[in-house]
Amino acid sequence: MTLAPITFVPYLKDVLWGGTKICRYKNIPCTSDCVGESWEISAVPGHESVVDSGEYEGLNLTDLINRFGAELLGEKVVRRYGLNFPLLVKIIDANQNLSVQVHPNDELAEKRHQSLGKTEMWYIIQADKGAKIFAGLNTAMTPDDYVRRVADGTFAETLAVHDSYPGDVFFLPAGRVHAIGAGNLLAEIQENSDVTYRIYDYDRRDADGNPRQLHTELAKDAIDFTLYDNLKSNSPSDSIPDAEIVSCNHFSVHRAIVNGESELSFSPDSFTVLMCLDGLVRLVYPIGEMLVSAGQTVLLPAGLSEIQCFGQGLLLTAQC
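Report follows, based on the coordinates. Values in this document were obtained by computation on a predicted structure and should not be read as measured data. (Residues numbered from 1 in each chain as written. Predicted model: local features only at pLDDT ≥ 70, side-chain atom pairs only at ≥ 80, totals over all residues. Heavy atoms only, no water.)

**Notes on the pairing of strand β18 (residues 296-300)**
Short version of the rule: Type-normalised accessible area, obtained with a 1.4 Å probe on protein chains alone, sets the label of each residue: buried when under 20%, exposed when over 50%, and partly exposed for intermediate values. Counting from the N terminus, the helices are the DSSP runs of H or I reaching at least four residues and the strands are the DSSP runs of E reaching at least two. Any two strands with at least two DSSP-identified bridges between them are counted as paired.
Of all the five residues making up β18, four are buried; the element is thus mostly covered by neighbouring parts of the structure. Taken together, the five bridges between strand β16 (residues 272-285) and β18 define a ladder with antiparallel strand orientation. Residue pairing in the sheet places V273 in a bridge with L299 of β18.

Shown next as structure tokens:
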């Protein structure tokens, strides 16, 4: 029997830099005024996504994987990751600037944390006027220069700053220093890792009044100090209805524009994460159909390698 698409209860995470955009965007009750993240699909221990409806309602993602294995994940994914879900999918609302941070690569993360590293990508959904993304460096430096600049409070001056607009794409391989600027609502697709090294945090304090922990020495060995010419990915033209926007060793991501009727095809060797970022789209597949609207995320089992789409909308799809 072919598995149907699966939807999950979002995990809404309160953080000091969060706001109210996520709940409005997803058209769900607002739980607080500092929701910074909606974990759409997660297998992070303690925060495994739970099925929100249908035959498997109440089961979490790990339960599903243990039951269906490669039928859900895909043969290629199981060969590489075993029965582990390799991605973490979020929607992020930066009501304030996020901390400046970096993530280790797979080798360093495995050595230190017995974890995957974190390569990630961002797709800007909404951006307030003047919103910025900080990604990469604008100044050549050595690891010792970095430590000195963190100590004297000037490291933030070395960040490359980018204007942010809806539709912009930022690819952030492990090792690239980055921060989301205030005013951005974005979709994030990343390796399934929660390892973050915080470098600078504007001298903010936590709920108990203590300075937030920095990870200066851990980050020193994780940072890629290379200066790159182009740190913002090229966004495809709207005249291209289905375009690849990121391709790396960990995942590939496509942006699809639905305008009337279209068909999407996927590799049958991997599951597909489908995020509806705008509009209303009807998905038709061999054993049924479903509606998805802005802010909804769907897990398509590996067996669903072709779906028809009807309506008007903007979709993001990711495979491993």
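There's more to say after this.
**Re the sheet that holds strand β2 (residues 11-19)**
The condition is simple: Every axis in this analysis is a line fitted to C-alpha atoms, fitted for helices over the stretch in contact. Angles between the N-to-C directions lie between 0 and 180 degrees.
With antiparallel pairing, the six strands of this open sheet are ordered in space as β2-β3-β5-β12-β7-β10. Pairing within the sheet leaves two strands with one partner each, and these edge strands are β2 and β10 (169-172). Averaged over all adjacent pairs, the angle separating strand axes in this sheet is 20°, with direction ignored. Examined bridge by bridge, strand β7 (residues 120-127) and β10 share four bridges and lie antiparallel to one another. Each residue of the ladder has a partner; that of Y123, found in β10, is V169.

**Overview of the state of the cysteines**
This is how the line gets drawn: Disulfide assignment relies on a single distance test, namely cysteine sulfur atoms paired within 2.5 Å.
Under the criterion given, the structure shown has zero disulfides. The thiol of C30 is not disulfide-bonded; the next cysteine sulfur, from C23, is found 4.1 Å away. Overall, C30 belongs to the partly exposed group, its relative accessible area being 47%. Of the cysteine sulfurs around C248, a residue in no disulfide, the closest is that of C320, at 8.8 Å.

**As for the packing of aromatic side chains**
Our working rule: Each Phe, Tyr or Trp ring, with Trp reduced to its six-membered ring, pairs with another whose centre is within 6.5 Å; inter-plane angles below 30 degrees give stacked pairs, above 60 give edge-to-face pairs, and intermediate values give tilted ones. Charge-over-ring contacts are defined here by two conditions on Lys NZ or Arg CZ: a distance within 6 Å of the ring centre and an angle within 35 degrees of the ring normal.
Going through the model one piece at a time under the given rule, you end up with six aromatic pairs. Ring plane angle 65° and centroid distance 5.0 Å describe the contact between Y200 and Y202, whose orientation is recorded as edge-to-face. On the accessibility criterion, Y200 (23% relative accessible area) is partly exposed. Its guanidinium or amino end placed over the ring of F310, R282 lies 4.6 Å from that ring's centre, counting from NZ or CZ.

**A look at the side chain of H215**
We count it as follows: Whether two residues are in contact is decided by their heavy atoms, any of which lying within 4.5 Å being enough.
Along the polypeptide, H215 turns up in the loop between β13 (197-200) and α7 (216-220). Given the relative accessible area of 17%, H215 is considered buried. Those residues in contact with H215 that lie beyond four places of it in its chain are Y146, T196, Y197 and R198.

**Describing the pattern of salt bridges**
The cut-off we apply is this: A carboxyl oxygen of Asp or Glu within 4 Å of a side-chain nitrogen of Lys or Arg is what we treat as a salt bridge.
For the structure shown, the criterion picks out 13 salt bridges. Close ionic contact of D163 with K132 constitutes a salt bridge, the shortest N to O distance being 2.3 Å. One end of the pair, D163, is in strand β9 (residues 159-163); the other, K132, is in strand β8 (residues 132-137), with 31 residues separating them in the sequence. Here K132 falls in the partly exposed class, since its relative accessible area comes to 30%.

**Focus: unusual backbone geometry**
Even without being glycine, N27 reaches a positive phi, approximately 60°. Here N27 is to be found in the loop between α1 (21-26) and β3 (35-41). For Q114, which is not a glycine, the phi torsion comes out positive at approximately 50°. With respect to the helices and strands, Q114 occurs in the loop between α5 (106-113) and β7. Given the relative accessible area of 58%, Q114 is considered exposed.

**Some points on the nonpolar core**
Let me state the cut-off plainly: Residues enter a nonpolar core if they are buried and are Ala, Val, Leu, Ile, Met, Phe, Trp, Tyr or Cys, with the set joined through side-chain atoms within 4.5 Å.
In terms of nonpolar packing, the biggest core is built from 45 residues, with F85, I189 and L299 touching the most fellow members. For this core, the leading source of residues is helix α2 (residues 61-68), giving four residues. Each residue touching I189, except ones within four places of it in the same chain, is listed here: L87, L88, V89, T119, E120, M121, F251, V253, M275, L316 and A318. Within the second largest apolar cluster, 19 residues are counted, among which are M141, V150, A219 and I223.

**Details of helix α6 (residues 143-152)**
Stated precisely, the cut-off is as follows: Each direction from the helix axis to a C-beta atom contributes to the arc, which is the arc of those directions.
Every buried residue of α6 is listed here: Y146, R149 and V150. What you see down the axis of α6 is that its buried residues fit within an arc of 100°, all on one side. Among the exposed residues of α6, those pointing more than 90 degrees away from its buried face are D144 and A151. On the buried face of α6, the contacting elements are β13 and α7. Looking one or two places after α6, you find G153, whose phi comes out positive at around 80°.

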